[in-house]
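Spelled out, the chains give:
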Amino acid sequence: MKRKIVYVDLDDVMCNFTKSYNEKKSEEYFYPQSIYGFFRNLEPIEDAINSYKILEHYYDVYILTAPSVYNPLCYTEKRDWVEKHLGFETCRKLIISPNKGLLKGDYLIDDNIHIGFKGEHIHFGTDKFPNWKSVTNYLVD
């Protein structure tokens with residue numbers, strides 16, 4: 001039986017983009033995401049790594065993240081983050097695309113809404129899905 005496909009966003013879903021952005025934003029760094037190493041050094045969101053690994057037992061899971069136009073190194077840095085926190089094999093399941101609606105899948109776990117995605121959007125960080133435990137309970141139970 002074919003497993004359902006789950007796409008998981010990185011920024012503010014797997015790793016804490018907003019926290020690092022706010023800590024580093026200044027007059028010198030109006031776009032702190034342009035700083036070398038910004039994406040590579042983002043902290044994981046609580047329970048994100050463990051939840052991702054749990055979902056892998058039930059679904060065909062991919063990382064689906066948008067690139068930053070302010071940091072062309074983000075492609076490499078996001079790939080490095082995935083290897084560091086999820087392992088080398090997960091790098092084979094990393095998709096970097098500015099248009100998430102181009103992909104076909106059953107679920108998209110993301111903090112933003114993406115017009116055009118045909119599967120179910122799990123809106124991370126909202127009342128229904130405030131954290132990873134709520135997402136995992138919804139998808140696994």
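Before reading further, recall that the structure is shown in the block above.
Everything numeric here is computed off the predicted structure, so don't read it as measured data. (Residues numbered from 1 in each chain as written. Predicted model: local features only at pLDDT ≥ 70, side-chain atom pairs only at ≥ 80, totals over all residues. Heavy atoms only, no water.)

**Looking at the sheet that holds strand S2 (residues 60–65)**
Two strands in a sheet stick together by hydrogen bonds in their backbones, pointing the same way (parallel) or opposite ways (antiparallel). Strand order in this open sheet of five strands is S3-S2-S1-S4-S5, and the pairing throughout is parallel. Among the strands making up the open sheet, the edge pair consists of strand S3 (94–96) and strand S5 (120–123). Each strand axis lies, on average, 25° off the axis of its neighbour in the sheet, ignoring direction. In this fold helix H3 (residues 74–86) packs onto S2 and S3, with an angle of close to 155° to the strand it touches most, S3. (Pairing = 2+ DSSP bridges. Helix = DSSP H or I, 4+ residues; strand = E, 2+ residues; numbered from the N terminus. Axes fitted to C-alpha atoms, helices over the stretch in contact; angles between N-to-C directions. Contact = heavy atoms within 4.5 Å.)

**A few points about helix H1 (residues 17–24)**
Listed in full, the buried residues belonging to H1 are Phe17, Ser20 and Tyr21. For H1, the arc enclosing every buried residue in end-on projection is 100°, short of the 170-degree limit, so these residues lie on one face. Among the exposed residues of H1, those oriented more than 90 degrees off its buried face are Asn22 and Glu23. You can read the cap of H1 off the contacts: a side-chain oxygen lies 3.0 Å from the backbone nitrogen of Lys19, and it is on Asn16. (Buried < 20%, exposed > 50% of the residue type's maximum accessible area, 1.4 Å probe, protein only. Arc of directions from axis to C-beta. Polar contact = N/O pair within 3.5 Å; in protein donor to acceptor, adjacent residues only side chain to side chain.)

**Looking at the environment of His123**
Positionally, His123 belongs in strand S5. For His123, a relative accessible area of 23% corresponds to the partly exposed category. In the structure, His123 is positioned twelve residues away from Val135 in sequence and 9.3 Å away in space, judged by C-alpha atoms. Setting aside chain neighbours within four positions, we find His123 in contact with Asp110, Asp111, Asn112, Ile113 and Phe129. At a separation of 2.9 Å, a polar atom in the side chain of His123 contacts the main-chain carbonyl oxygen of Asp111.

**Regarding the layout of surface pockets**
A volume near 240 Å³ is recorded for the largest pocket. Together, 17 residues line the largest pocket, and Asp9, Asp11, Ala66, Lys100 and Asn112 are the ones closest to its centre. Its residues assigned to classes, the lining of the largest pocket comprises five nonpolar, six polar and six charged. (1 Å grid on protein atoms, 1.4 Å probe; cavity = no way out; pocket = protein on both sides within 12 Å on 5 of 7 lines; lining within 4 Å. Points joined across faces, edges and corners; volume = space filled by probe spheres on them. Nonpolar A, V, L, I, M, F, W, Y, C, P; charged D, E, K, R; others polar.)

**Regarding the pairing of strand S1 (residues 5–8)**
Burial of S1 is two-sided: the residues Ile5 and Tyr7 facing one way and the residues Val6 and Val8 facing the other way are all buried. Bridging between S1 and S2 involves four bridges; their strand directions are parallel. Bridge assignment links Tyr7 to a residue of S2, and that residue is Tyr62. Relative to strand S4 (residues 107–110), S1 is paired through three bridges, and the arrangement is parallel. Following the sheet pairing, Val6 is matched in S4 by Tyr107.

**Notes on the packing of helix H2 (residues 48–56) against helix H5 (residues 132–140)**
The N-to-C vectors of H2 and H5 enclose an angle of 10°; their axes lie 10 Å apart at closest approach. As the angle between them shows, H2 and H5 are arranged roughly parallel. The residues of H5 that touch H2, namely those facing Ala48, Ser51, Ile54 and Leu55, are Trp132, Thr136, Leu139 and Val140. (Parallel < 35°, antiparallel > 145°, perpendicular 65-115°, else oblique.)

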